[in-house]
Amino acid sequence: MADVLILTHIDYCPPAHLAQVLRARGCGFDVVRVDLGELPGHDLDRPRAVAVMGGPMSVNDPLPWIAEEVTALRHFIGRDIPIIGHCLGGQLLARALGANVRRMPYTEAGWQNMQRRGESAGSPWLAHLPESFSIFQWHGDTFALPEGAKRLLSSRWCDNQAFAWGDKVLALQGHPEMTEELIESWLADWAHLLDASQPSQQSIVEMRENLRDKVRALNQVAEGFYAHWLKLAGL
């Protein structure tokens, strides 16, 4: 078993750029498909860092593996190891910390501008970031803030875009792990789910505009998150 554990929930929400970062740094990692029953039997005391990826399901769906994963996340939190959650992963962390996750009246999709909150001042998770920047989004649920959490980021359509809990937990509502290839695959497979009448959703044309430059900037955002996460783990 490797030092880094990545929890995934469907084939089209892989670790993507996170995996590229880990390989470049020579960090071994295990990818576990929780939805396929791969979590039981995994040594939860082995990982030194955990990442939780996205998925189209809701933490409120009646899926037996969700409760199983929340229990595992509580175990990791109790071990005080660094954990980073992406979209569904952030919502699962919120649930593990006792906060509610609810459906929004719209879907937030595309490149959305993030604003740093006042309470984020001095957060090492954001040390590499300006006051505003973009993260790719595609979600219809949102998390409330757990007790003791510090809200870090907001967008026009989602007030709770990121929170830190303690020194080692970061929950993100967006998808900093995206690559050009992954965005293109989502647009090819899921564009029919977009609703042009919702101003919270960008059009496909807007999402693809200057895509290479946008992804390059997003990679830098993600790499700052991942560098701090791995530093906390001593990796």
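Above this text is the structure in question.
Residues numbered from 1 in each chain as written. Predicted model: local features only at pLDDT ≥ 70, side-chain atom pairs only at ≥ 80, totals over all residues. Heavy atoms only, no water.

1. Examining the nonpolar core
Step number 1: F136, F225 and W229 are the most contacted members of the largest nonpolar core, which has 45 residues in total.
Step number 2: With 10 residues, helix α6 (residues 211-233) is the single largest residue contributor to this core.
Step number 3: For F136, the contacting residues outside a window of four places in its chain are G110, W111, G174, H175, M178, I183, W186, M207 and L218.
Step number 4: Core analysis: the next-biggest nonpolar cluster, separate from the first, contains 30 residues, L5, M57, L92 and A94 among them. (Core = buried A, V, L, I, M, F, W, Y, C linked by side-chain atoms within 4.5 Å. Buried < 20%, exposed > 50% of the residue type's maximum accessible area, 1.4 Å probe, protein only. Helix = DSSP H or I, 4+ residues; strand = E, 2+ residues; numbered from the N terminus. Contact = heavy atoms within 4.5 Å.)

2. Things to note about the sheet that holds strand β7 (residues 149-154)
Step number 1: The 9 strands lie next to each other as β2-β1-β3-β4-β9-β8-β7-β5-β6, forming an open sheet whose pairing is mixed. Each edge of the open sheet carries a strand with a single partner, namely β2 (29-33) and β6 (132-143). Looking at each pair of strands side by side, their axes are set apart by 20° on average, direction ignored.
Step number 2: Taken together, the 4 bridges between strand β1 (residues 4-8) and strand β3 (residues 49-52) define a ladder with parallel strand orientation. (Pairing = 2+ DSSP bridges. Axes fitted to C-alpha atoms, helices over the stretch in contact; angles between N-to-C directions.)

3. Concerning helix α4 (residues 180-190)
Step number 1: For α4, every residue scored as buried is listed here: L182, I183, W186 and L187. Down the axis of α4, the sector holding all buried residues measures 135°, keeping them to one side. Exposed side of α4, more than 90 degrees from the buried face: E181 and A188 are the residues found there.
Step number 2: Packing partners of the buried residues in α4 comprise β5 (101-116), β6, α5 (204-208) and α6. (Arc of directions from axis to C-beta.)

4. Quick notes on the pairing of β5
Step number 1: Pairing of β5 with β6, which is carried by 11 bridges, proceeds in the antiparallel orientation. Along β6, the bridge assignment pairs E108 with H139.
Step number 2: In terms of strand pairing, β5 meets β7 through 2 bridges, oriented antiparallel. From the neighbouring strand, R116 faces β7, where its bridge partner is L153.

5. Points about the pattern of salt bridges
Step number 1: One pass over the structure, following the stated rule, counts 12 salt bridges.
Step number 2: The partner of D35 in a salt bridge is R33, with the nearest N and O atoms 2.8 Å apart.
Step number 3: A relative accessible area of 23% means that D35 is categorised as partly exposed.
Step number 4: In this structure, the salt-bridge partner of R117 is D159, at a minimum N-O distance of 3.0 Å. In this pair, R117 sits in the loop between β5 and β6 while D159 sits in the loop between β7 and β8 (162-165), placing the two residues 42 residues apart along the sequence. (Salt bridge = Lys/Arg side-chain N within 4 Å of Asp/Glu carboxyl O.)

6. Details of the packing of α4 against α6
Step number 1: Taken N-terminus to C-terminus, the directions of α4 and α6 make an angle of 120°; their axes are 10 Å apart at the nearest point. Viewed along their axes, α4 and α6 adopt a mutual orientation that is oblique. Residue-level contacts link E180, I183 and E184 of α4 to L211, R212 and V215 of α6.
Step number 2: When the residues that make up the contact of α4 with α6 are grouped by side-chain class, the tally is 3 nonpolar, no polar and 3 charged. (Parallel < 35°, antiparallel > 145°, perpendicular 65-115°, else oblique. Nonpolar A, V, L, I, M, F, W, Y, C, P; charged D, E, K, R; others polar.)

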